[in-house]
Amino acid sequence: MRRATDTAELRRVLCAALGSPDPVCSPARLGLDADGLTDPDVMHRPTLVAGAAWFGPTSPAPTAHEIDTLVRRARDLAAEQILVPGVRRSDDTRALGAAGFVPVAAGSECVTRLGGDVDELLRGRLGAGHIADLRRSSHAVSEELTWERIPLAGLDEVPWPPDAALTGPHGALLDPAALKALAQGPLAVRAELLVRRRGDVVQAGLLLGSHSGRGTYCLALAADRDDPAARHDLHAAFLYRLYTDARSAGLDWVHLGRGEPRHLRALGADLFVPLDHWLRAPGLTAPGQAHTRAEPTRFATPPVTTVAVPGPARFRHRPRFDLVDLSSNTNPFLGPDGRYPDLDTADLARMYLTTVGDLPGQDGMAALTEDHLLFSSGAVDAVSLLLTALASPGDRVCVTPPTFELYAHFARVQGLSVTEVPLGGADFTRLDVDRILAAGPRVTFLCDPNNPVGTRPDPGQVRELVAGAAGLVVIDEAYVEFSDRPSHAGLVAEHDNLVVLRTLSKAWGLAGARCGVALARPGIVEALRRVQVPFGFTDASQRAVRERLVDTHRVRDSVARILAERDRMAALLAQEPAVERVFPSQANFLLVRLHEHGRVMERLRSAGILVADVGSLVPGTCRVSVGERSANEAFLDTLTSVR
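Note that the structure is predicted; figures quoted are calculated from it, not measured. (Residues numbered from 1 in each chain as written. Predicted model: local features only at pLDDT ≥ 70, side-chain atom pairs only at ≥ 80, totals over all residues. Heavy atoms only, no water.)

### Focus: the overall build of the protein chain
Counting its secondary structure elements, the protein chain contains 20 helices and 21 strands. Here the protein chain, with 643 residues, has 54% of them falling under the buried criterion. Taking the contacts inside the protein chain whose residues are at least 6 apart along the sequence as the reference set, 73% of them involve residues at least 24 apart. Carbon and sulfur atoms provide 51% of the accessible area of the protein chain, an area that totals close to 27500 Å². (Helix = DSSP H or I, 4+ residues; strand = E, 2+ residues; numbered from the N terminus. Buried < 20%, exposed > 50% of the residue type's maximum accessible area, 1.4 Å probe, protein only. Contact = heavy atoms within 4.5 Å. Areas by Shrake-Rupley, 256 points an atom, 1.4 Å probe, with all protein chains shown as cover.)

### Things to note about the packing of aromatic side chains
The way to describe two aromatic rings as a pair is by their centre distance and the angle between their planes. Per the counting criterion, the structure on display carries nine aromatic pairs. Seen from their ring centres, Phe 404 and Tyr 407 are 5.4 Å apart, and the 80° between their planes marks the pair as edge-to-face. Between the aromatic rings of Phe 428 and Phe 583, the centroid separation amounts to 6.1 Å while the plane-to-plane angle is 25°, which identifies the pairing as stacked. Residue Phe 428 is found in the loop between β13 (417-420) and α14 (433-439), and its partner Phe 583 is found in the loop between β18 (579-582) and β19 (589-594); the two are separated by 155 residues along the sequence. As far as the burial class goes, Phe 428 and Phe 583 line up, both buried. Among the aromatic residues, ring-to-ring pairing joins Tyr 217, Trp 253 and Phe 321 into one connected group. Over the ring of Phe 583 we find Arg 581; its NZ or CZ atom is 4.2 Å from the centre of that ring. The ring centre of Phe 589 lies 5.7 Å from the NZ or CZ of Arg 623, which sits over that ring. (Phe/Tyr/Trp six-rings, centres within 6.5 Å; stacked < 30°, edge-to-face > 60°. Lys NZ or Arg CZ within 6 Å of the ring centre and 35° of its normal.)

### Let's talk about helix α20 (residues 629-640)
The end-to-end C-alpha separation of α20 is 16 Å, in line with the 16 Å expected for 12 residues at 1.5 Å each. Taken together, the buried positions of α20 are occupied by Asn 632, Phe 635, Leu 636, Thr 638 and Leu 639. Each buried residue of α20 sits inside an arc of 165° when the element is viewed along its axis, so together they form one side. Seen from the buried face of α20, the exposed residues on the opposite side, beyond 90 degrees, are Ser 630 and Asp 637. In the core, the buried residues of α20 are packed alongside α18 (552-573), β18, β19, α19 (597-606) and β21 (621-625). (Expected span 1.5 Å × (residues − 1). Arc of directions from axis to C-beta.)

### Notes on the pairing of strand β14 (residues 443-447)
Across the five residues of β14, five count as buried, placing the element largely inside the fold. Neither face of β14 is exposed, since Val 443, Phe 445 and Cys 447 on one face and Thr 444 and Leu 446 on the opposite face are all buried. In this sheet, strand β15 (residues 472-476) lies alongside β14 in parallel orientation, the contact comprising five bridges. Bridge assignment links Cys 447 to a residue of β15, and that residue is Asp 476. A crossover links β14 with its parallel partner β15, the connecting element being helix α15 (residues 459-468), and its sense is right-handed. (Pairing = 2+ DSSP bridges. Right-handed = clockwise from strand over helix to strand, strands pointing away.)

### Description of the sheet that holds strand β16 (residues 498-503)
If you walk across this open sheet you meet the seven strands as β11-β17-β16-β15-β14-β12-β13, and the pairing is mixed. Two strands bound the open sheet, and with one partner strand each, they are β11 (373-376) and β13. The mean inter-strand angle of the sheet, taken between neighbouring strand axes irrespective of direction, is 20°. Sheet topology note: the strand β12 (residues 396-399)/β14 ladder contains two bridges and is parallel. Bridge pairing in β14 links Val 397 to Val 443. (Axes fitted to C-alpha atoms, helices over the stretch in contact; angles between N-to-C directions.)

### Structural notes on the side chain of Ser 138
The residue Ser 138 is located in helix α6 (residues 128-144) in this model. Dropping the residues within four chain positions of it, Ser 138 is found in contact with Ala 237 and Tyr 240.

### Focus: the packing of helix α1 (residues 4-18) against helix α7 (residues 176-183)
Where α1 meets α7, the axes come as close as 7 Å, and the angle between the chain directions of the two elements is 145°. As α1 packs across α7, the resulting crossing turns out to be right-handed. Counting all contacts with α1, which are made through Glu 9, Arg 12, Val 13, Ala 16 and Ala 17, the residues of α7 involved are Ala 177, Ala 178, Ala 181 and Leu 182. Taken together, the residues of the contact of α1 with α7 break down into seven nonpolar, no polar and two charged. (Left-handed = near helix turned anticlockwise from the far one by under 90°. Nonpolar A, V, L, I, M, F, W, Y, C, P; charged D, E, K, R; others polar.)

Below is the structure:
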């Protein structure tokens, strides 16, 4: 709801609800949350309510000129305070701060973006069990109550219960005076009521179509809690029916208003935009600093510190669902694929951190926020981004062979000097920390668990390296979900020189989605954004990641199967005459040293079995992924045939 005409009209509706020619009332009457305010008296003083008023989804941040007008108007009305409710943090709020307004956290506005079949969409976001519950609830309610769409102009024909019977979270949202004012104004042609009733109304929602025609705002939703139908989850049933109707009408999104993200995510919402109320009051001090963007890390190269995030990606925090977008130069007539991928992945980042943080061995993830996370096109892409943003030609990069070869490859391509400090010990688990520190590298890469070996370096030595390094330490944890030892991600909040890389290609089974994760301090994430190609994380990939994150039991079950099969294969390989040694593994593969490396590799190739020949990294070895039982048996049978 970003148009000035819509904002002005909703402010008039608020005046009708207040019974006043001007939108002046106390914040307490509006139900403003006073948490963090240093002066509780502000809740009861006469306050001029600006913006889209209390009935609007959000208020556009006013300009300096508009603020001057508000100040004069408040003076004329003898209003001691001014409130601009529900301003998106992505808006430019500098004029509000300069005029003495203080931000008060207001939660988030919540949006459900639609596309394709609603059941399939919700199944991907909620899981099969939750969508089944939603459908059952909706069906049960529909058996008892009718579902009707009533243009707001037809409100007089609806039997309406007493005001107190239909009450929402902000009080009597379906106030008759406010509804009448809305029905008599220019927004009436876009407004309607959705009601469930058995004679009298049991549940009602007030909807307002967006000016773009692509979505709808749910301005109010209330129910009679004393009705027998309230034994069902009326809220969930209403939203499910609203989604199906909206999608049938060709709409792209449903705006659910302000709410708690965890609760509304469980009802299908997938976009959450943080809001603040901005309040100007005598003697009011800020409960906290307004949201600010991170500056690039001290490790960023000089060119990176002087440039902005490229192109449209700099506006990634700006919600696009309710914008009329004429900026992209794409074809609007060939379906949704004509739109660029969504750039605001903050909620998906929160979902990743919450979901992964609940898994074993992920202690410390709770200290990280979406500002600590960057999605990349696979973890390998993050390696390239790190070297581009944080190292200059001539800088030294340290690798610890045997290790993933692309670390050194990307470093050399970018004109960086590569220093090798080999891992020690029979299982390649010992770091030569002193030698690495003495080399003074700009970036040190550790592969943990190691690829191609599968073992993990000593955790005490890893912590010693991170604490002692003057440069960055990048720990690639592509295989950490297969390990029985903890992740290092919990250290990210403690060290500004640590980056932990993850991927959804391995344990999460999404190699085709190309999704990597870089966990680091916000300053590092900001530097990476400045060199990242916009729109690399496609909508299809985002959907695939979201769907997998709500289906963790399948991931856990599959990891357990892989580990059991890995241990079975290790035991059988140890008995094979062609095998000299099977290395211990904390990954989903086994490093195998062969007696006759060349002969065995040729036999496997001729049998149509592909394993990774890593003899150039660890002499005489191959790396064998743990596959399905039939594939593993084919490999073992071929190996047995080598005499």
